[in-house]
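Examining the three-dimensional arrangement
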Amino acid sequence: MTDVKMYVVWAALIVAFGVLEGITAQLVSIWFVIGAIAALIAQLLGATLIVQIIVFIAVSIIALLITRPLVRKKLNTKAEKTNADRCIGQEAVVIEEIDNLAPTGQVKADGKVWTARSANGEKIPKDSIVTVEKIDGVKLIVQ
């Protein structure tokens, strides 16, 4: 293929990678769009086919290395902590006896009433002061 028609190939690759990027939920080909644009510019400036391919690969890799950490932060799907996590480590007052076998138990922590379970399975009497160990669903695990 002659260099004169390579602009068509690079333009087609830009469109193809752009369409692929548009139909996927994740960023999978945006780096190749950038690389193809750079190769098209190199072709228009008179670079040989080998140079165009090297520019395409190099720019795609550089774009990937530069943007991937930023994209990963934006697409992070990990659960975010809520303000309920601030209860962990705090003291709470037992307002209903905690009995894992019954299953009963409530505590007041951070100004809110929570269902509670004992971390070690022991019964904890009403009006006891406990420490919140963790949150399991909507229950506080206390000791």
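This write-up is about the structure you can find in this document. Being a predicted model, the structure only gives us computed values, none of them experimental. (Residues numbered from 1 in each chain as written. Predicted model: local features only at pLDDT ≥ 70, side-chain atom pairs only at ≥ 80, totals over all residues. Heavy atoms only, no water.)

So, about the overall build of the protein chain. Broken down by element type, the protein chain carries 3 helices and 5 strands. For the protein chain, the succession of helices and strands along the chain, N to C, is α-α-α-β-β-β-β-β. Scored against the burial criterion, the 143 residues of the protein chain give a buried share of 29%. Taking the contacts inside the protein chain whose residues are at least 6 apart along the sequence as the reference set, 49% of them involve residues at least 24 apart. (Helix = DSSP H or I, 4+ residues; strand = E, 2+ residues; numbered from the N terminus. Buried < 20%, exposed > 50% of the residue type's maximum accessible area, 1.4 Å probe, protein only. Contact = heavy atoms within 4.5 Å.)

Our next topic: the nonpolar core. Counting residues in each nonpolar core, the largest one holds 13 residues, and the members touching the most others are I98, V107, V130, L140 and V142. Excluding residues that lie within four positions of it along the chain, I98 makes contacts with T104, G105, Q106, V107, A116, R117, S118, E122, K123, I124 and V142. Counting residues in hydrophobic clusters, the runner-up holds 9 residues, among them I14, F17, L40 and F56. (Core = buried A, V, L, I, M, F, W, Y, C linked by side-chain atoms within 4.5 Å.)

Right, let's get into the sheet that holds strand 4 (residues 129–136). Spatial ordering of the closed barrel is given by 1-2-3-5-4, a layout of 5 strands whose pairing is mixed. Adjacent strand axes in the sheet meet at a mean angle of 50° when their direction is disregarded. Pairing analysis gives 4 bridges linking strand 4 to strand 5 (residues 139–142), with the strands arranged antiparallel. Bridge assignment links I135 to a residue of strand 5, and that residue is L140. (Pairing = 2+ DSSP bridges. Axes fitted to C-alpha atoms, helices over the stretch in contact; angles between N-to-C directions.)

Along an α-helix, residues three or four apart share an orientation, since each turn contains 3.6 residues. Here helix 1 (residues 6–23) spans 26 Å end to end across 18 residues, near enough to the 26 Å set by a 1.5 Å rise per residue. All of the buried residues in helix 1 are M6, W10, I14, F17 and E21. Seen end-on, helix 1 carries its buried residues on one side only, within an arc spanning 85°. Relative to its buried face, helix 1 has exposed residues pointing more than 90 degrees away, namely V15, G22 and I23. (Expected span 1.5 Å × (residues − 1). Arc of directions from axis to C-beta.)

Evaluation of the coordinates by the stated rule reveals 2 salt bridges. Measuring nitrogen to oxygen at the nearest pair gives 3.7 Å for the salt bridge that ties D99 to K123. Here D99, found in strand 1 (residues 91–99), pairs with K123, found in the loop between strand 3 (112–118) and strand 4; they are 24 residues apart in sequence, far enough to count as distant. Accessibility expressed as a relative area gives 12% for D99, which makes it buried. A relative accessible area of 54% means that K123 is categorised as exposed. For the salt bridge of K112 with D110, the shortest nitrogen-to-oxygen distance reads 3.8 Å. Exposure remark for K112: the relative accessible area of 42% places this residue in the partly exposed category. By relative accessible area, which is 30% here, D110 ends up partly exposed. (Salt bridge = Lys/Arg side-chain N within 4 Å of Asp/Glu carboxyl O.)

All told, the structure shown has 4 aromatic pairs when counted by the stated rule. Arranged with centres 5.5 Å apart and planes meeting at 40°, the rings of W10 and F56 form a pair that is tilted. Note that W10 is positioned in helix 1 and F56 in helix 3 (residues 49–74), a separation of 46 residues in sequence. The residues W10 and F56 share a single accessibility class, namely buried. With a centroid separation of 6.4 Å and an interplanar angle of 15°, the aromatic rings of F17 and F56 are classed as stacked. Here F17, found in helix 1, pairs with F56, found in helix 3; they are 39 residues apart in sequence, far enough to count as distant. Counting every residue linked through ring pairs, the aromatic cluster contains W10, F17, F32 and F56. (Phe/Tyr/Trp six-rings, centres within 6.5 Å; stacked < 30°, edge-to-face > 60°.)

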